[in-house]
Each structure stands twice: as structure tokens, then as C-alpha cells.
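Listed below are the residues making up each chain.
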Amino acid sequence: MRCACIDIGSNTTRLLVGDVDTDPPTLPARLSEVRSERVFLRLGRALEPGAAIGGAEIERLADVVAAQAALARALKARRLRVVATAAVRRAANRDAVVGTIARVARVAVEVLGEDEEAALAFRGATGTAESAPAGRVGVADVGGGSTELICGTVAAGAAWCRSLPVGSGLLAARHFYDDPPSDAQLAAAAEDARAAFAGVRPPPPATAFAVGGSAASVSVLCGAELDAHVLAS
């Protein structure tokens, strides 16, 4: 069955259209990508908890979602799910954001809670792996406005998760005023990230995956496998 998802993130709004093969009806279902695209919106101030997304930003977001939904329909997607994560979840005017998108794009928008966002990240990472990883699996999903850490198994799903109020866009908005950022600005961002992770102790996994736009950018610079030596360098 052809399905589509639009993911409204803090940095980007992404569309994925794919054919889902559930024959035999076992999990995880196999997904064959038909079309994907992303639009960088950088919802800006809404990355900070309690801030509101501006009117012009809402209208642009709604137009982007409308265009992506139209593309999904043109590609004959039988199911379309639209979800929003940290930026919309924490926005002071989230109801206005969701209402405008629903009106302009003619779609229902689900604002994911922290635990649901983490569980979906885990399912996506483990379900698209070339082979099902054995034992406990860890997933790190670094987004623009939040970071999800999840541990679990393929069979049982996510068993432990934490959502932390730190992400690539949030760190950039707080600390980077120059392009490229200065050494002092990079150090301040690193200290902010360390503080967010202080005291977080996930169960040790046998296999770990990093997912999301930030992970994809790091893999371009450092390669597909990120170990302690690569990250330190």
C-alpha cells in the first residue's frame, strides 16, 4: 500500500512517500521509497519553550505542508499522516499553528508527545536497518529543537526513552552569531549540550543508531560509522 508522511520538525518539514509491503504480515514492514523532499523552514523563536511562531512563519509552513500533501495525493498515496514535533509542541500558539495548517492544507495534524516521538524514531531506525539488530538497541535522534534517546529491542519496541530540550537549531540560535562561529561560541554550545545530557544514563545497548538531519550531516563529514575516535577528532 502506498503511504505518505509529512514531518514538521524544528528545522525542516519533510515528505516521504513509500510503498509499504506487509506480505507476509510481519513487523517491521518493508518500505520502498517513492519520493522524498524537505524544505528548510527553521521555525526560529519557537525553538525556545514558550515562544510563539510568527504569523508569516505559520503561513509559509501551511503553504509548504499544502504543497507536500498535494504531491502525496498526486503520487496516489492512500494514507497520509502529518505530524509535528518539538517546535510546534512547545509553541505558545500551537493551536493556531495546527488550525492554520489544517485549513490551508486540508489535512489533520498530530502534535506528537515526547514519548510518542521517541517511539516512532526507534521504530523507524530499527525497521529500516539492513538486518534486524539483535539484543538491546539504542537510538539517538538529534533534531532541531529536541533530542530523543531511546533503548529497546526490535521485538518489544522502545523500553526506555528520554527527550531532552536541546537540538542543533536551538544551540545555533542560542550561541552562533557569526558564520563560521567563533571558538568561544562553539565552546558555549558544547557546554550547553553537556549540561542537557548531565545525569542521563541510558541502558547500555549492543547496537546504536544515530538518525535525523543532524546525524546525516555528521555522516557526510565523518563517515557512516561514528565511534569515539571519529567523534573526538
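Relevant structure appears above.
Residues numbered from 1 in each chain as written. Predicted model: local features only at pLDDT ≥ 70, side-chain atom pairs only at ≥ 80, totals over all residues. Heavy atoms only, no water.

A. View of the side chain of asparagine 93. Here asparagine 93 is to be found in the loop between helix 2 (86-90) and helix 3 (94-105). By relative accessible area, asparagine 93 is classed as buried at 18%. With residues up to four places along the chain from it excluded, the contact list for asparagine 93 reads Ala52, Ile53 and Ile58. (Helix = DSSP H or I, 4+ residues; strand = E, 2+ residues; numbered from the N terminus. Buried < 20%, exposed > 50% of the residue type's maximum accessible area, 1.4 Å probe, protein only. Contact = heavy atoms within 4.5 Å.)

B. Highlighting the environment of alanine 196. Turning to its location among the elements, alanine 196 is positioned in helix 6 (residues 183-197). In this structure alanine 196 comes out as partly exposed when scored by relative accessible area, which is 21%. On a C-alpha basis, the gap between alanine 196 and arginine 174 in space is 14 Å, while along the polypeptide they are 22 residues apart. Ignoring sequence-local partners within four residues, the contact set of alanine 196 consists of Leu164 and Val166.

C. Helix 6, seen in detail. In this model, helix 6 (15 residues) spans 21 Å end to end at C-alpha, consistent with the 21 Å of a helix rising 1.5 Å per residue. Where helix 6 is concerned, the buried positions are Gln185, Ala189, Asp192 and Ala193. For helix 6, the arc enclosing every buried residue in end-on projection is 95°, short of the 170-degree limit, so these residues lie on one face. Exposed positions of helix 6 whose direction lies more than 90 degrees from the buried face are Asp183, Ala184, Arg194 and Ala195. On its buried face, helix 6 is in contact with helix 5 (168-175). After helix 6 finishes, the residue glycine 199 shows a positive phi value of roughly 85°. (Expected span 1.5 Å × (residues − 1). Arc of directions from axis to C-beta.)

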